[in-house]
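Architecture and fold: a report
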Protein chains: 2
Amino acid sequence: MTVCWIDGVPAEALSVKDRGLAYGDGFFETIRVKAATPLLFERHLQRLALGARRLALPLDLAQIESECRAFAAQMGEGVMKLIVTRGDGQRGYAPAADAQSRRILQGSPLPLYPKTNAEHGIRLFACRTRLAEQPLLAGLKHLNRLEQVIARSEWHDTEHAEGLMRDTSGRLVEAVSSNLFLVKAGVLLTPDLSRCGVAGVMRAELLAMAEQGNMPARALDLQMSDLQKADEVFVCNSVYGIWPVLGVERLNWPVGPVTRKLQNLVRGLLDI
Amino acid sequence: MTVCWIDGVPAEALSVKDRGLAYGDGFFETIRVKAATPLLFERHLQRLALGARRLALPLDLAQIESECRAFAAQMGEGVMKLIVTRGDGQRGYAPAADAQSRRILQGSPLPLYPKTNAEHGIRLFACRTRLAEQPLLAGLKHLNRLEQVIARSEWHDTEHAEGLMRDTSGRLVEAVSSNLFLVKAGVLLTPDLSRCGVAGVMRAELLAMAEQGNMPARALDLQMSDLQKADEVFVCNSVYGIWPVLGVERLNWPVGPVTRKLQNLVRGLLDI
């Protein structure tokens, strides 16, 4: 199995002039591959296209789609990471008018998460690292991820499978590599991501599922006090699906019926 | 002339697993080289060491110093860009306990700035892009530079040699690739950089020069109203030295005596 392609060709090494390295000038998508097929692929491509428009990064979406499908076909199963950068640059921040985007695909086996994460739930570490509020980059899965690196360095134990992140104003935002959902009186709540945070593919899928299933759902500003009042809490991403959250610091929640219902729906989607 | 070294060895290509690409997990320094010597080199190394401590990135400073000196010796003259990353990573944000930093050195000729920039001054473009406030990363020259990429994309004319950047609260911070100084009643003023911005090597050098020369100087919070009241304005960095600022939007300043005095001192430093 070839584990890496650059611009559609097997390769292991990248030009040192790539603007992805120089400035984090690009995006990535972490895509679950099952039975030689990229899962939730349309949503991944949509988010990538949105980011590229916002940052005026030229993108051939049809080419990316066909490369990803070919890569997934030879991978079979696992996780496919797609990085798209603005390609090589000269000195200075100004992008060249004729910049060409570069595609990097890397395959890896599905991470070996403990089965108990999905079955019995996890605890969140309460990260001290706060996310800065930058509406220009909010929602995008861009390559500027130092805040996540710092946050993930805050704990080393295996007790905490994820970390809760707030913004510099104290609002709830997300978990380090997942999105956050609360259930209160049968309503699905998730933090608004217009100031910071990554608008996850699984988050979008769950919001769409809720709409189709006539389950009330809202994206809005949420505080720690909302977490205290929540009936159920869970985190999600497009690789592992949904993990119920049992607690963070002194707060505790049961694994509730809404979480279990959504987990069942997601199991069908991810075929897990 | 070899234009690129990776970990001390001539090379043009980098592992796709490098965390500098994946997350912008690293730092860079842009160092002026004159007569085969890196200029203001101690200050560049100091800033790099500070960033590495703040992000717990392992660093062999003696090795970096000797590689940079050797690279500068064979370059002779120009600009040497040093990138230090956390090296290769596996999936996920958590840095490996045994992470080894990687050094990338790239040489390029001195940029051909118009001579009038230093002699007669420049105008600043007033960027709409605001810098997010993130104290954990403030001051560091890290690889998460999308805000600068977006800001530098705001103008394409040659009328504006630099862009003025404010933070999301409206405070003055810096220029896109330079630091900002104001002179008011003989006092040198520069924005405090504890929330965002890059603490430039030339900025540090000018503050030290002011102290040695008994010129009053302060780093503090500054607003657009301070710019309106300034007697002189200039920008600086370690490659071009000092450029007087003639204006931004409707504001205009003369090229004043403090700017000229500091330019003369910096010319000696950079040997320009």
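Look a little higher up for the structure.
Just so we're clear, the structure is a prediction, and the values are computed from it rather than from any experiment.

In this structure, A:Met80 and B:Met80 are the most contacted members of the largest nonpolar core, which totals 159 residues. Ignoring sequence-local partners within four residues, the contact set of A:Met80 consists of A:Ile31, A:Val33, A:Pro38, A:Cys68, A:Phe71, A:Ala72, A:Met75, A:Leu105 and A:Gly107.

Once that is clear, we can look at the packing of helix α2 (residues 41-54) of chain A against helix α6 (residues 201-212) of chain A. Residue and element names in this part refer to chain A. Relative orientation of the contacting elements α2 and α6 amounts to 115°, with a least axis distance of 9 Å. Our pair here, α2 against α6, has a crossing hand that is right-handed. Here α2 contributes Arg43, His44 and Arg47 to the contact with α6, which in turn contributes Val201, Ala204 and Glu205.

Before going further, it helps to spend a moment on the interface of chain B and chain A. You'll often see interface size given as the accessible area lost when the parts meet. Contact with chain B, which involves 46 residues of that partner, is made by 46 residues of chain A. Of all the elements in the fold, those that place two or more residues in the side of chain B that touches chain A are β1 (4-6), β3 (13-15), α1 (19-23), β6 (78-85), β7 (102-108) and α5 (146-152) of chain B. When residues of the side of chain B that touches chain A are assigned to their parent elements, the largest contribution, six residues, is made by α5(B). Partitioning the side of chain B that touches chain A into residue classes produces 24 nonpolar, 14 polar and eight charged. In this structure, strand β3 (residues 13-15) of chain A lies alongside β3(B), joined through three bridges in antiparallel fashion. In the strand pairing of β3(B), A:Ala13 is matched with B:Ser15.

Let us look at the pairing of strand β4 (residues 26-34) of chain B. Residues and elements named next belong to chain B. Counting buried residues in β4 gives eight out of nine residues, a clear majority hidden from the surface. Where β4 and β6 come together, eight bridges link them in antiparallel fashion. Its bridge partner lying in β6, Glu29 is registered against Leu82. Relative to strand β5 (residues 37-38), β4 is paired through two bridges, and the arrangement is antiparallel. Within the sheet, the bridge partner assigned to Lys34 lies in β5 and is Thr37. Linking β4 back to β5 in an antiparallel pair, the connection comprises two residues, with Ala35 at a positive phi of about 50°.

Attention now moves to the relation of the copies chain B and chain A. For the match of chain B to chain A, the screw axis carries a shift of 0.0 Å, the RMSD comes to 0.0 Å, and the turn is 180°. Such a turn and shift between the copies fits a two-fold axis. Here 100% of the contact residues of chain B are again contact residues in chain A; the copies associate through an equivalent surface.

Criteria and thresholds
- Residue numbers restart at each chain and count upward from 1, following the sequence in its written direction.
- Lettering for chains starts from A, numbering for ligands starts from 1, and both go in the order in which the items are written.
- Local features in this predicted model are restricted to residues of pLDDT 70 or higher, and side-chain atom pairs are both shown and tallied only at a pLDDT of 80 or more, whereas totals for entire chains, interfaces and linings draw on every residue.
- For the purposes of this analysis, a nonpolar core is taken to be any set of buried Ala, Val, Leu, Ile, Met, Phe, Trp, Tyr and Cys residues that are connected through C-beta atoms within 7 Å.
- Burial is judged by counting other C-beta atoms within 10 Å of a residue's own C-beta: 20 or more means buried, 12 or fewer means exposed, and anything between counts as partly exposed, with every C-beta placed from the backbone.
- Placing C-beta atoms from the backbone, we regard two residues as in contact once those atoms come within 7 Å.
- Only the stretch in contact is used when fitting a helix axis, every axis being a line fitted to C-alpha atoms; angles between N-to-C directions are given from 0 to 180 degrees.
- Secondary structure follows DSSP: runs of H or I at least 4 residues long count as helices, runs of E at least 2 residues long count as strands, and numbering of each begins at the N terminus.
- Take the far helix as your reference; a near helix turned counterclockwise from it by less than a right angle gives a left-handed crossing, and one turned clockwise gives a right-handed crossing.
- Gly is put with the polar residues, along with every residue not named as nonpolar or charged; the nonpolar set is Ala, Val, Leu, Ile, Met, Phe, Trp, Tyr, Cys and Pro, and the charged set is Asp, Glu, Lys and Arg.
- Strands are treated as partners if at least two bridges between them are detected by DSSP.
- Copies are brought into register by a least-squares superposition over C-alpha atoms of residues with pLDDT of at least 70 in both.

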